[in-house]
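Notes for the structure review
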Amino acid sequence: MSATAAPKPRILVVDDERSLREMLSIVLNREGYEVMTAEDVGSALEHIRRGPLPDLLISDLRMPDGSGVDVLRALKERSPSSIGLLLTAYASADTAVEAMRLGAVDYLTKPFDVADLKARVARHLEAKRLAETQVAPPEGRKGQGFVLAGRSRQILDVISLVARVARTDASVLITGESGTGKEWTAREIHLQSSRQAQPFVAVNCGAFTESILESELFGHMKGSFTGAVDTKKGLLEAADRGTLFLDEVGETSLGMQVKLLRVLQERRFRRVGGTQELEADVRFIAATNRNLEEMVRTNVFREDFFFRINVISVRLPALRERAEDIPILAEQFLRRFAERMGRPVQGIAAETMRLLLGYRWPGNVRELENVMERGVALEQTAELSPDSLPPHLMDQPSASPAAMAALEAIPAAGFNLETHLQQIERMHLERALKQAGGVQVKAADLLGITFRQFRYLAKKYQLK
Ligand SMILES: Nc1ncnc2c1ncn2[C@@H]1O[C@H](COP(=O)(O)OP(=O)(O)OP(=O)(O)O)[C@@H](O)[C@H]1O
Ligand SMILES: [Mg+2]
């Protein structure tokens, strides 16, 4: 429920100045990183050749035997996802530009503030970890910090709202159907906020009984209940100065809501069985796929608590409401999984894309992600073919115009009218072309459209 234990991130420090190397080594070690050092470009290159490869490189820019840029270039060749942080004695725009072009994420001018360096290191490593455990960030991320992919009006609105919200400390409520990216968005807000270098702690409020959730959140004192053999800090303390993500907040009991309300109002709390008041310096982000307003009306959710957590609300649209995002997301997942699994598939066949666009995606982005993972694993060629999709995507009602036309009512699961009409259009174009023996002018005549219109549509639907 909190961040999972991951291997220690590795950092390579390269500087010809011994005192600086030693200082960084001690400071970063204390932060829990595994630190390697090199005193010049030559031995840094040797480190990179031999491995293990660092997740992050901190390198001086100018050294007697060469430049930190060369070290970064060598590292990027072997490990493209590694991050470079360059140290320069003078802030020169040229070197900064050159470093950024190489994929150095950051640079610092000497002398630098150690606290600032630590914060940047933590943030870059966290961003790298997130990108690896989930999906590679889209190209646009560098320098601007977004991992929310998409080009629909709706998602662009979400992205700009996230950027504005991140600058405040206000409580946020994220709503949306299952799999729309609620946790993903919460993490993004955290990463863009001033709390970015501090922990992001997620707790699933629906997964525990009230008393367990209480002691998980607030911690408990030794002996405060049977089984409390030791004093334990809660997640509120773990998230100190960071962000606490209350997932599935709609599942909390009324009793728990009172306790959380108090923390939100007073920014103080006590461990279970404790007498001491502790301070909660935490930013709250809550998420739910339920309709809290309705729950307030029916008295299963407290109105005062609702207003406290819902200072700013972010609504994530269902994937079917923003079908324009399907191609971008699908291609991004495809690239990611193909690279990760070492598979040959590079693109998506037009027919496959048509099926992806026509599907309703009840499980939203997560379902699309799963479908692409499965597809990449099954596909033997360079293009993802319809056969590599799960069967229910192939024979969805909306994918079959004939079946749709035979229906008297709209299926309960609904369908996408635009896709449906396009499929019918395509079907008639194919029929006409076949009947006309492949002669386009004749096919156009059969359909009562001009040759130009026919040619345009044939191109749009990629008819042979
Ligand atoms: N805009 C986006 N760009 C890229 N990936 C996304 C985007 N939105 C969601 N994802 C992907 O979808 C997956 C599901 O997102 P997330 O777990 O945040 O959904 P959720 O709304 O919390 O779902 P649930 O309600 O089931 O908990 C993530 O792992 C992420 O890979
Ligand atoms: Mg979630």
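Counting of residues starts from 1 at the beginning of each chain's written sequence and follows it residue by residue. In the order they appear in the text, chains get letters beginning with A and ligands get numbers beginning with 1. Side-chain atom pairs in this predicted model are given and counted only at pLDDT of 80 or more, local residue features only at pLDDT of at least 70, and totals for whole chains, interfaces and linings cover all residues. Values reported for side chains reflect all heavy atoms of the structure, with hydrogen atoms and water molecules removed beforehand.

1. Considering the sheet that holds strand β12 (residues 243-247)
Worth spelling out the cut-off: DSSP bridges decide pairing: two strands pair if at least two such bridges lie between them. Numbering of helices and strands runs from the N terminus; a helix is a DSSP stretch of H or I covering at least four residues, while a strand is a stretch of E covering at least two. Axis geometry follows a simple rule: fit a line to the C-alpha atoms, using only the stretch in contact for helices, then measure angles between N-to-C directions, giving values from 0 to 180 degrees.
The five strands are arranged β9-β12-β15-β8-β16 in an open sheet whose pairing can be described as parallel. The open sheet has two edge strands, β9 (200-204) and β16 (312-315), and neither has a second partner. Averaged over neighbouring strand pairs, the angle between their axes works out to 20° when direction is ignored. Of the strand pairs in this sheet, β12 and strand β15 (residues 283-288) are connected by four bridges, and their pairing is parallel. Bridge pairing links F245 to I285 in β15.

2. Focus on the site of ligand 1
What counts, and what does not: For each residue, the test is whether any non-hydrogen atom lies within 4 Å of the molecule or strand; if one does, the residue is near. Under this definition, polar contacts are N or O atom pairs within 3.5 Å; protein pairs additionally need one hydrogen-donor-capable and one acceptor-capable atom, and for neighbouring residues in sequence, both atoms have to be side-chain atoms. Areas reported here follow the Shrake-Rupley algorithm with a probe of radius 1.4 Å; residue values treat only the protein chains shown as occluding. Any residue outside Ala, Val, Leu, Ile, Met, Phe, Trp, Tyr, Cys, Pro, Asp, Glu, Lys and Arg is labelled polar, Gly included; the first ten of those are nonpolar and the last four are charged. All the domain ranges listed were derived from an automatic or database domain assignment.
Close to ligand 1 lie 17 residues, the nearest being A149, G179, K182, W184 and R366. Within the backbone of G181, a nitrogen or oxygen atom sits 3.0 Å from an oxygen atom of ligand 1. Between ligand 1 and the protein, one listed contact pairs an oxygen atom with a side-chain N or O atom of R366 at 2.8 Å. About the coverage of ligand 1: the protein hides 89% of its 640 Å² of free accessible area. Secondary structure elements with two or more residues in the shell around ligand 1: α7 (182-192) and α15 (364-378). Counted by class, the shell around ligand 1 contains seven nonpolar, five polar and five charged residues. Among the domains, domain 2 (153-315) and domain 3 (321-394) are the pair contributing at least three residues each to the shell around ligand 1.

3. Concerning the confidence of the model for the protein chain
Our working definition: The predictor attaches a confidence to each residue, and that confidence, scored 0 to 100, is pLDDT. Residue contacts are counted whenever heavy atoms from the two residues lie within 4.5 Å of one another.
Per-residue pLDDT for the protein chain averages 84, and the proportion of residues at 70 or more is 86%. Predicted confidence in the protein chain is weakest over helix α17 (residues 401-406), with a mean pLDDT of 48, and strongest over β15, with 97. Here residues 134-146 is modelled with pLDDT under 50, and outside its nearest four sequence neighbours on either side it reaches 32 contacts, counting other chains as well.

4. So, the packing of aromatic side chains
Our working definition: When the centres of two rings from Phe, Tyr and Trp lie within 6.5 Å, Trp using its six-membered ring, the rings pair. Their planes under 30 degrees apart give stacked, over 60 give edge-to-face, and anything left gives tilted. A simple rule labels every residue: compare its accessible area, found with a 1.4 Å probe on the protein chains alone, to the largest value its type can have, and call it buried under 20%, exposed over 50%, or partly exposed in between.
This model, assessed by the stated rule, comprises five aromatic pairs. Arranged with centres 5.5 Å apart and planes meeting at 25°, the rings of F301 and F305 form a pair that is stacked. Judged by relative accessible area, which is 0%, F305 ranks as buried.

5. Focus on the pattern of salt bridges
Inclusion rule: Criterion for a salt bridge: a side-chain nitrogen of Lys or Arg within 4 Å of a carboxyl oxygen of Asp or Glu.
Taken as a whole and assessed by the stated rule, the structure comprises 30 salt bridges. Note that R320 and E177 form a salt bridge whose closest N and O atoms lie 2.6 Å from each other. With R320 in the loop between β16 and α13 (325-341) and E177 in the loop between β8 (172-175) and α7, this pair connects stretches of sequence that are 143 residues apart. A salt bridge links E214 to K259, with the nearest nitrogen and oxygen atoms 3.3 Å apart. Taken together, the residues span a long stretch of sequence, with E214 in helix α8 (residues 210-218) and K259 in helix α10 (residues 254-266) at a distance of 45 residues.

6. Re α13
Where we set the bar: Each helix should span, by expectation, one fewer than its residue count multiplied by 1.5 Å.
Along its 17 residues, α13 runs 24 Å from first to last C-alpha, staying within 8% of the 24 Å computed at 1.5 Å per residue. Of all the residues in α13, the buried ones are D325, I326, P327, L329, A330, Q332, F333, L334, R336, F337 and A338. The positive-phi residue at the C-terminal boundary of α13 is G342, with phi of around 60°.

7. Details of the pairing of β9
For a regular strand, side chains alternate in direction, first toward one face of the sheet and then toward the other. With four of five residues buried, β9 is to be regarded as a mostly interior element. By the bridge criterion, five bridges tie β9 to β12 in an arrangement that is parallel. Paired with V201 across the bridge in β12 is L244.

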